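Analysis of the macromolecular model
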Amino acid sequence: MLQTAERGASTSKKAPHEKYLEAFRIMLQTRIFEEKLASLYRGGLITGGVYIGRGQEAVSVSCGIFLQKGDVFAPLIRDQAGRSAFGEPLLDVARTYLGSRLGPMRGRDGNIHRGCPKTGQLAMISHLGAMIPVVVGKLLAKRMKGEKGFIGLTTIGEGGMQTGATHEGMNIAAVEHVPLVLVATNNHYAYSTPNDRQFACADLVDRAKGYGYEGSSADGTDLTQCLDTIGAAVKRARAGRPPQLVVASTLRLAGHGEHDDASYVTDDIRREPFAQDSLQRAEQLILEQELLDREGLQQMRAEIAAEVDEAVATAQQEDAPVGSEEDWCAVSTRELVDQIP
Amino acid sequence: MSVTYLEAIREAQTYLLREDKRVFIYGQDIAGKFGGAFKATKGLAEQFPGRVLNTPISEDAMVGTAIGAAMEGMRPIVEMQFADFSSIALNQILNNAGTQYWRTQVPCPITVRLPSGGTKGSGPFHSQSMEGLYSHYPGLVVVTPATVEDAYTMLIDAVAIDDPVIYCEHKYLYYHLKADALPTEKLPIGKARVVRPGRDLSIVTNSAMVHEALAVAQQFSADGIEIEVVDLRSVKPLDTGTVLASVARTGRLLCVGEAFPWGGVTAEVIARVASEGFHLLDAAPARINAKDTPIPYHPNLWSEHRPNAKTIAAKARQVLAE
């Protein structure tokens, strides 16, 4: 292992990462935005599910913040922070959740299944592990076309690590030697199922060796560690090292979706160090190290709240898609549309 | 000079690799001197270095990788070693490739080659015909070339199409079909072909069953009964117009398919003729498929499991007698 950080260590004492404040702002934006989405859901204003990343913002933001133009990002269910860091506009999210016809998915797909492949952000499908080889293919093609300096990053959870697709995808990435970073967030529950019914190895990062990856671990509640660990993995991938596996430990501080009260999370687990809130910890460090004072934080909060309100208000005023006006055609080649009587 | 069906597939891939820098071939055992389980890529890895790539035994990841490459502007051809193993990749084909354009407006031009259909002794897991299954899902184009000429031109056309194409090549035809030369003309994907004109009965079929149907038609012709044989060529989209025109000429329809009976291509053709061309029919439309069991290993059982000239002829007599 290249580095194995201590789990549940207290807030890092060293000088904060150069991207610390930028990352913190995105985490805070994510929290405020997702609370707004959850409240809209409770108010019956969102059809379908709402899936938030509460507790995983530090890991997720670190996944998006080091990526550049030309990189590939395949986020999953709890990656609002990473998506924002990669450049996804809040309005795209609001439009998708609220069913605006102007959103990136135009009502054809919802919530977390949004994406914009042209900017490098792939649109996930629900089948876990399925996006890993797609990222591999994007990277392989970039190499064939002679592009340089790109990487791909995709995320998974401790539950998603157990699918056959993840196994095949991880292996083929190493066989093709593409610059892939796979960030696995162990949030200790796959929907309602705890880790002892998901895997039996001591630590998921141990699998890195078996796949020919370089592995590293991070305390997912500590923004400094997440930035350092994922930043280093991204750097190694960019330098042509083998694929990188980063395993970050956290607790999902919400239900699987907003429909779920997460009553299966035990009190014992809630007392574990990995159950800390990464956003609170980051805020504490900011105050301790005087990166911002309380007033500065308050101002940041107010700015974000205004951005969130604006995105939601805009999307709410937009028209919904209309079935009778939809172009019901799943292939791009018009003359090959099957004319079903 | 003569060209087999298999050689036509190899020649089409040679042409594609030579003419289109975006094309690469991805599959198991296809590179090196070996050149694939059926030798469909023999010599291509040497001729086109870095563009004919062996993969691990990972059907799901093979297709996933092809999808990513296609979205990035490449034109990957995935060779499944046998159509049957594409079941491992169903998720990528149906849920990722098939939904990509609809969801994101980014086309996904992959071609998946499926060595399909039964041959003696191949058993349940090396004999399947999966065109009906793939056609059921939106977002895919599904073709089943039945001739050397179609094997060549339809593979070239498949790669040019901006959508995912499932190219079902029949293993029995690999060595059994020969043409004098590669074709210089073509019929586009999406068009069926009347391969033998007739006036008494239309047999609508595809892939290797086209040849069984032709044998039956020839046999009946000796007795003065003229069977029209329609080769669908492309299963999705299905050329309903050509089928209806044939039924309009003959008034009778028999659909023949090598796939399993429940649902599928024969059922779809009959449903369309019944709803669009009921008035054209002089007798109830009939169909004959493989039996509703796994495909047997022993030649004595296998030859009874799939439709053959004898069972097709018996069914044809029934329809003609009505």
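Structure report, in brief. (Residues numbered from 1 in each chain as written. Chains lettered and ligands numbered in written order. Predicted model: local features only at pLDDT ≥ 70, side-chain atom pairs only at ≥ 80, totals over all residues. Heavy atoms only, no water.)

1. Comments concerning the overall build of chain A
- In terms of regular secondary structure, chain A is built from 11 helices and 8 strands.
- Computed over C-alpha atoms, the radius of gyration of chain A comes to 20 Å, within 12% of the 20 Å expected from 2.2 N^0.38 for 341 residues, which places it in the range of a compact globule.
- Counting every position in chain A, which comprises 341 residues, the buried fraction comes to 58%.
- Across chain A, contacts joining residues at least 24 apart in sequence account for 75% of those joining residues at least 6 apart.
- For chain A, the accessible surface area stands at approximately 14100 Å², while carbon and sulfur atoms represent 49% of it.
- Seen as two clouds, the 37 positive and the 45 negative side-chain charges of chain A have centres 5 Å apart. (Helix = DSSP H or I, 4+ residues; strand = E, 2+ residues; numbered from the N terminus. Rg over C-alpha atoms; globule rule 2.2 N^0.38 Å. Buried < 20%, exposed > 50% of the residue type's maximum accessible area, 1.4 Å probe, protein only. Contact = heavy atoms within 4.5 Å. Areas by Shrake-Rupley, 256 points an atom, 1.4 Å probe, with all protein chains shown as cover. Lys, Arg positive; Asp, Glu negative; His and termini not counted. Charge placed at Lys NZ, Arg CZ, Asp CG, Glu CD.)

2. Looking at the overall build of chain B
- Summing up its helical and strand segments, chain B has 12 helices and 14 strands in all.
- In terms of overall size, chain B behaves like a compact globule, its C-alpha atoms giving a radius of gyration of 19 Å where 322 residues would be expected to give roughly 20 Å.
- If one aligns the C-alpha atoms of chain B with their principal axes, the spans along those axes are about 60 × 40 × 40 Å.
- Buried positions account for 63% of the 322 residues belonging to chain B.
- The contacts of chain B with a sequence gap of at least 6 include a subset with a gap of at least 24, amounting to 80%.

3. Observations concerning the packing of aromatic side chains
- Taken as a whole and judged by the stated rule, the model has 10 aromatic pairs over all chains.
- The interplanar angle of 70° and the centroid separation of 5.2 Å between the aromatic rings of F38 of chain B and F82 of chain B together place this pair among those described as edge-to-face. On the criterion of sequence distance, the pair formed by F38 of chain B in the loop between strand 2 (23-27) and helix 2 (44-47) and F82 of chain B in the loop between strand 4 (75-79) and helix 4 (90-104) is long-range, its members being 44 residues apart.
- For F38 of chain B, a relative accessible area of 15% gives the class buried.
- Ring centres 5.8 Å apart and planes at 75° place the aromatic pair F82 of chain B and F85 of chain B in the edge-to-face group.
- Using a relative accessible area of 24% as the deciding quantity, one classes F85 of chain B as partly exposed.
- An aromatic cluster is built from Y5, F38, F82, F85, Y174 and Y175 of chain B, whose rings are joined through pairwise contacts.
- Sitting above the plane of the W102 of chain B ring, R108 of chain A keeps its charged end 3.6 Å from the centroid. (Phe/Tyr/Trp six-rings, centres within 6.5 Å; stacked < 30°, edge-to-face > 60°. Lys NZ or Arg CZ within 6 Å of the ring centre and 35° of its normal.)

4. Digging into the sheet that holds strand 13 (residues 253-256) of chain B
All names here are of chain B.
- Taken in spatial order, the 5 strands line up as 9-11-10-13-14 in an open sheet, and their pairing is mixed. Among the strands making up the open sheet, the edge pair consists of strand 9 (193-196) and strand 14 (286-288). Direction aside, the axes of adjacent strands within the sheet are offset by 25° on average.
- Examined bridge by bridge, strand 10 (residues 201-205) and strand 11 (residues 227-231) share 5 bridges and lie parallel to one another. Opposite S202, over in strand 11, you have E228 as the bridge partner.
- This element, helix 10 (residues 264-276), spans strand 10, strand 13 and strand 14 of the sheet and lies at about 155° to strand 13. (Pairing = 2+ DSSP bridges. Axes fitted to C-alpha atoms, helices over the stretch in contact; angles between N-to-C directions.)

5. Details of the interface of chain A and chain B
- With 47 residues of chain A in contact, the opposing surface of chain B contributes 48 residues.
- Roughly 3700 Å² of surface becomes buried between chain A and chain B when both sides are summed, with 61% attributable to carbon and sulfur atoms.
- Put simply, D338 of chain A and R272 of chain B hold a salt bridge, and the shortest N to O gap is 2.6 Å.
- At the boundary of chain A and chain B, one finds 20 residue pairs in polar contact (both at pLDDT 80 or more).
- Elements that contribute at least two residues to the side of chain A that touches chain B include exactly helix 5 (131-144) and helix 6 (164-175) of chain A.
- Each residue belonging to the side of chain A that touches chain B can be placed in one class, and the counts come to 26 nonpolar, 8 polar and 13 charged. (Buried area = accessible area lost by both parts, 1.4 Å probe. Salt bridge = Lys/Arg side-chain N within 4 Å of Asp/Glu carboxyl O. Polar contact = N/O pair within 3.5 Å; in protein donor to acceptor, adjacent residues only side chain to side chain. Nonpolar A, V, L, I, M, F, W, Y, C, P; charged D, E, K, R; others polar.)

6. Topic: the environment of P237 of chain B
- Along the chain, P237 of chain B falls in the loop between strand 12 (234-236) and helix 9 (240-250).
- Taking C-alpha positions, P237 of chain B is 6.6 Å from V141 of chain B, a pair spaced 96 residues apart along the chain.
- Those residues in contact with P237 of chain B, other than ones at most four positions away along the chain, are L336, V337 and D338 of chain A together with V141 and G190 of chain B.

7. Comments concerning the nonpolar core
- By size, the foremost hydrophobic cluster in this structure holds 136 residues, and its most contacted members are L223 of chain A together with V269 of chain B.
- When residues of this core are assigned to their parent elements, the largest contribution, 10 residues, is made by helix 1 (residues 20-42) of chain A.
- Shared between two domains, this core holds at least three residues of each, these being domain 1 (3-179) and domain 2 (193-321) of chain B.
- Those residues in contact with V269 of chain B that lie beyond four places of it in its chain are V204, L232, L238, V243, L253 and C255 of chain B. (Core = buried A, V, L, I, M, F, W, Y, C linked by side-chain atoms within 4.5 Å. Domains from an automatic or database assignment.)

8. Here's the deal with the sheet that holds strand 6 (residues 141-143) of chain B
Residue and element names in this part refer to chain B.
- Taken in spatial order, the 7 strands line up as 3-2-4-5-7-6-12 in an open sheet, and their pairing is mixed. Two strands lie at the open edges of the sheet, namely strand 3 (52-54) and strand 12, each paired on one side alone. On average, each strand axis in the sheet is tilted by 20° relative to the strand beside it, whichever way the strands run.
- The pairing of strand 4 with strand 5 (residues 111-116) spans 3 bridges and is parallel. Paired with E79 across the strands is R113, a residue of strand 5.
- Packed on one face of the sheet, helix 3 (residues 59-71) meets strand 2 and strand 4 and runs near 170° to strand 4.

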